[in-house]
Amino acid sequence: EKVFKQKCKSCHKLNKKRHGPPLGNILGKAIGSTKGYKYSKAMKKSDIVWNEVTLDKFLTNPKKYLKGTKMRIKGLKLNQRDAVIAYLRKNQK
């Protein structure tokens, strides 16, 4: 939760839209599929499903993993990625 608050909370919440889409229940969902958020063309066209592996790759370097994404961060360190993914997993409903 601490890393999520430090690195993600300025743009994301679990259950409400901010600058970015809500991230609650993201595991198992197709990229760009949350209703009510205007995704980049890259996200809309993607056939990737969010899971621990795809999230880890994306959070390592979002713009390299999915060219054209709106994601603003350059990437997270391994321990930060692990913490964020664990937090998202813990908050799946």
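Bear in mind that the values here come from a model prediction, so they are computed numbers and not experimental data.

Any chance you could explain the layout of surface pockets here in plain terms?
Space left empty within the atom packing is revealed by a probe, the size of a water molecule, rolled over the atoms. Roughly 530 Å³ of internal volume is contained in the largest pocket. When contributions to the lining of the largest pocket are tallied by element, the ones reaching two or more residues are helix H3 (52-60) and helix H5 (78-90). Take the lining of the largest pocket: its biggest share by element is 3 residues, from H3. Looking at side-chain class alone, the lining of the largest pocket contains 19 nonpolar, 9 polar and 4 charged residues.

Could you clarify how one ought to interpret the pattern of salt bridges in this entry?
Opposite charge on two side chains lets them pair, provided their charged atoms get close. The final tally for this structure, using the stated rule, is 3 salt bridges. With a shortest N-O distance of 2.7 Å, arginine 81 and aspartate 56 are connected by a salt bridge. Placement of arginine 81 in helix H5 and of aspartate 56 in helix H3 is noted, with a sequence separation of 25 residues between them.

What is the right way to look at the nonpolar core in this model?
The tendency in soluble globular proteins is for nonpolar side chains to be buried side by side. In this structure, Phe4, Val84 and Leu88 are the most contacted members of the largest nonpolar core, which totals 24 residues. Mapped onto this core, the elements with two or more residues apiece are helix H1 (2-7), helix H2 (41-45), H3 and H5. Residues within four places of leucine 88 in sequence aside, it is in contact with Phe4, Leu14, Leu23, Ile26, Leu27 and Leu55.

Teacher, can you tell me more about a positive patch on the surface here?
Taken together, Lys38, Lys41, Lys44, Lys45 and Lys70 make up a surface patch of like positive charges. Mapping lysine 38 onto the fold places it in the loop between H1 and H2.

So what exactly am I meant to see when it comes to unusual backbone geometry here?
Residues other than glycine predominantly adopt negative phi, and peptide bonds predominantly adopt the trans conformation. Backbone geometry places asparagine 25, a non-glycine residue, at a positive phi of 60°. With respect to the helices and strands, asparagine 25 occurs in the loop between H1 and H2.

Would you explain the packing of H3 against H5 in this entry?
Helices that pack against each other are described as a pair by the angle of their axes relative to one another and the distance between those axes. Between H3 and H5, the least distance of the axes is 10 Å, while the angle of their chain directions is 140°. In terms of orientation, H3 and H5 fall into the oblique class. Considering the relative orientation of H3 and H5, their crossing is right-handed. Contacts from Glu52, Leu55, Asp56, Leu59 and Thr60 of H3 reach H5 at Leu78, Arg81, Val84, Ile85, Leu88 and Arg89. Classifying every residue of the contact of H3 with H5 by side-chain character gives 6 nonpolar, 1 polar and 4 charged.

Reading the values: rules and limits
Residues numbered from 1 in each chain as written. Predicted model: local features only at pLDDT ≥ 70, side-chain atom pairs only at ≥ 80, totals over all residues. Heavy atoms only, no water. 1 Å grid on protein atoms, 1.4 Å probe; cavity = no way out; pocket = protein on both sides within 12 Å on 5 of 7 lines; lining within 4 Å. Points joined across faces, edges and corners; volume = space filled by probe spheres on them. Helix = DSSP H or I, 4+ residues; strand = E, 2+ residues; numbered from the N terminus. Nonpolar A, V, L, I, M, F, W, Y, C, P; charged D, E, K, R; others polar. Salt bridge = Lys/Arg side-chain N within 4 Å of Asp/Glu carboxyl O. Core = buried A, V, L, I, M, F, W, Y, C linked by side-chain atoms within 4.5 Å. Buried < 20%, exposed > 50% of the residue type's maximum accessible area, 1.4 Å probe, protein only. Contact = heavy atoms within 4.5 Å. Patch = residues over 30% accessible without salt bridge, like charges linked within 9 Å, V, L, I, M, F, W, Y side chains within 5 Å. Areas by Shrake-Rupley, 256 points an atom, 1.4 Å probe, with all protein chains shown as cover. Lys, Arg positive; Asp, Glu negative; His and termini not counted. Charge placed at Lys NZ, Arg CZ, Asp CG, Glu CD. Axes fitted to C-alpha atoms, helices over the stretch in contact; angles between N-to-C directions. Parallel < 35°, antiparallel > 145°, perpendicular 65-115°, else oblique. Left-handed = near helix turned anticlockwise from the far one by under 90°.

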